[in-house]
Amino acid sequence: MAAVEAMVALRDLAGDRLEVEVHAPRQGFVYRPLAVGEPFFPGGLIEFDLEDLAARAGATFCLDSVTGVDPDNHHVSTPDRDEVPYDYLLICPGAKMLAAVSGAETFWGVSEEGGVAETIGRLRAGDLHRLAFTIPASGWPLPIYELALLAEAELSRLGSRAGTILTIVTPEDLPLGVFGTQVGERVGELLSERGIELVTGSHAIKFSDGLLQITPGRPIETEAVISTPGIEGRQIGGLPKDPSGFIPVDEFSRVVGLDRVYAAGDVTAFPVKQGGIATQQADVAAEAIAAAVGVDLAPRPFDPVLRATLWTGEKPQYLYGKLSGGFGETSVFSDHALWEHEGKIAGRYLAPFLNGIPGEAGPGTRAGPQPRVAAG
Ligand SMILES: Cc1cc2nc3c(=O)[nH]c(=O)nc-3n(C[C@H](O)[C@H](O)[C@H](O)COP(=O)(O)OP(=O)(O)OC[C@H]3O[C@@H](n4cnc5c(N)ncnc54)[C@H](O)[C@@H]3O)c2cc1C
């Protein structure tokens, strides 16, 4: 997310002053936020071709991974080349995802969610009557709420809602409280209206023999568990990291202590790991790099704002939270879009850029209108 946003932003801001190279170990770019629809409406997930996206943004795509950085000599190493030179480097390899709850099905946000799809299939078929959804302490919590709401809507549509217990276990004090109090309270009301049980302030540990162990709290009886993954930082030599492996950056996305090296997205030490935040950090880095190569602009510091579309199986809800000056001080929960571009990740450049490009899901399929699929 951060890399695609940055390459489009750099093209717009710096034009031909910069040659942009994008390195990634996979050519496919899965638009992960749409994955929550897959267990319910298969075929909606979109995969873009990074080489094609890079070409459209005037950049070059290299199919390899960065294994180390030599910031003194301004080059990176890849598995095949020891010294790939750079003038400016933007590191955005995301986070490493890990299964968080033993015995649970992990929802990875990829196209083939075998275990999760099978679990939802059993729910649909009436073979499951208790299903728990869990959120680890790290990572983006929103997909679990969407999965639970979509499951509830599906059961209601099938006329088999009665007698099924859906429970969400989260370490958050309020559901999606990272946006702020208003959003947290409204999401709580929504879950209650839909009869979804909520256990806050608790961590899921493991699921076995029909019991989900949580702490603090008493075990929860359930027949299956779906969890989002936990995350940790990626190991790239030559870069500073905090105790969890994430890279510290300043308000201009500069890697602390290094010259001409920037980082954006889940790999950074900023505590909220979300696609929209990743694109905002990428924009900050792009402005700083553009200014450094002589573009006449005053780079703006990171001023994080959370925007998200929550699929509910009914009308989507739009969530907004301003993070600067205290987490989630101001938040809004609305059934009207609160920002300009459609698309689950409201990146300034990413959303309009991807909206014009067909992904692999089929000609004419776009990132933007997808929420209507889920809402339907
Ligand atoms: C199931 C799920 C659903 C989500 N839903 C949403 C949502 O609805 N809205 C939202 O805003 N966020 C959502 N998120 C979070 C969002 O996906 C991440 O916050 C976002 O993708 C982070 O962007 P990024 O650019 O930092 O990393 P990524 O998007 O993970 O991209 C990292 C890229 O770097 C590449 N890479 C990895 N290692 C290397 C290396 N060594 N060298 C070079 N390249 C490398 C990877 O192949 C990948 O292409 C969701 C996450 C999950 C798991």
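All values reported here derive from a predicted model rather than from experimental measurement.

**As for the overall build of the chain**
(1) Moving on: Broken down by element type, the chain carries 8 helices and 22 strands.
(2) Moving on: Referenced to the eigenvectors of the C-alpha coordinate spread, the extents of the chain come out at roughly 65 × 45 × 40 Å.
(3) Moving on: Out of the 376 residues belonging to the chain, those deemed buried represent 46%.
(4) Moving on: Nonlocal contacts in the chain, meaning residues at least 24 apart in sequence, comprise 63% of its contacts between residues at least 6 apart.

**Let's talk about the pairing of strand S17 (residues 224-227)**
(1) Moving on: Going residue by residue along S17, you find Ala224 and Ile226 tucked away on one face and Val225 and Ser227 tucked away on the opposite face as well.
(2) Moving on: By the bridge criterion, 4 bridges tie strand S11 (residues 130-134) to S17 in an arrangement that is parallel. Counted as the bridge partner of Thr134 is Ser227 from S17.

**Some points on the site of the ligand**
(1) Moving on: Of all residues adjacent to the ligand, which total 35 residues, the nearest are Pro33, Gly94, Gly109, Gly265 and Gly275.
(2) Moving on: Broken down by secondary-structure element, the contributors of at least two residues to the shell around the ligand are helix H1 (2-14), strand S1 (21-24), helix H4 (142-158) and helix H6 (275-292).
(3) Moving on: Looking at the shell around the ligand, the element that brings in the most residues is H6, giving 3 residues.
(4) Moving on: Per-class residue counts for the shell around the ligand are 20 nonpolar, 9 polar and 6 charged.
(5) Moving on: Counting the residues that make up the shell around the ligand, at least three belong to each of domain 1 (2-94 + 234-292) and domain 2 (97-230).

**Quick look at helix H3 (residues 114-124)**
(1) Moving on: Within H3, burial applies to Val116, Thr119, Ile120 and Leu123. All buried residues of H3 project into a common sector of 95 degrees when viewed along the axis, lining one side. Residues Gly114 and Gly121 are exposed on H3 and point more than 90 degrees away from its buried face.
(2) Moving on: Once H3 finishes, Gly126 follows within two positions and takes phi at roughly 85 degrees, a positive value.

**Notes on the sheet that holds strand S15 (residues 211-215)**
(1) Moving on: One open sheet accounts for 3 strands, arranged S14-S15-S16; its pairing is antiparallel. Only two strands of the sheet have a single partner each, and these edge strands are strand S14 (203-208) and strand S16 (220-221).
(2) Moving on: Alignment of S15 against S16, held across 2 bridges, turns out to be antiparallel. Note on S16: the bridge partner recorded for Leu211 is Glu221.

**Considering the domain arrangement of the chain**
Where the parts come together, the accessible area they lose is often given as the size of the interface.
(1) Moving on: Segmentation of the chain into domains returns domain 1 (2-94 + 234-292) and domain 2 (97-230).
(2) Moving on: Each of domain 1 and domain 2 was reduced to a C-alpha centroid, and the two centroids are 31 Å apart.
(3) Moving on: Of the residues that constitute the side of domain 1 that touches domain 2, the class distribution is 7 nonpolar, 1 polar and 4 charged.

**Things to note about the nonpolar core**
(1) Moving on: Judged by nonpolar contacts, the single largest core of 113 residues is most densely connected at Ala6, Met7 and Leu10.
(2) Moving on: Counting residues per element, this core draws most heavily on H1, which supplies 10 residues.
(3) Moving on: A domain-level breakdown of this core finds at least three residues from each of domain 1 (2-94 + 234-292) and domain 2 (97-230).
(4) Moving on: Aside from chain neighbours lying at most four places away, what touches Ala6 is Leu90, Cys92, Ala264, Ala282, Ala285 and Ala286.

Conventions and cut-offs
Residues numbered from 1 in each chain as written. Predicted model: local features only at pLDDT ≥ 70, side-chain atom pairs only at ≥ 80, totals over all residues. Helix = DSSP H or I, 4+ residues; strand = E, 2+ residues; numbered from the N terminus. Buried ≥ 20, exposed ≤ 12 C-beta atoms within 10 Å, placed from the backbone. Contact = placed C-beta atoms within 7 Å. Pairing = 2+ DSSP bridges. Near = placed C-beta within 6 Å. Nonpolar A, V, L, I, M, F, W, Y, C, P; charged D, E, K, R; others polar. Domains from an automatic or database assignment. Arc of directions from axis to C-beta. Core = buried A, V, L, I, M, F, W, Y, C linked by C-beta atoms within 7 Å.

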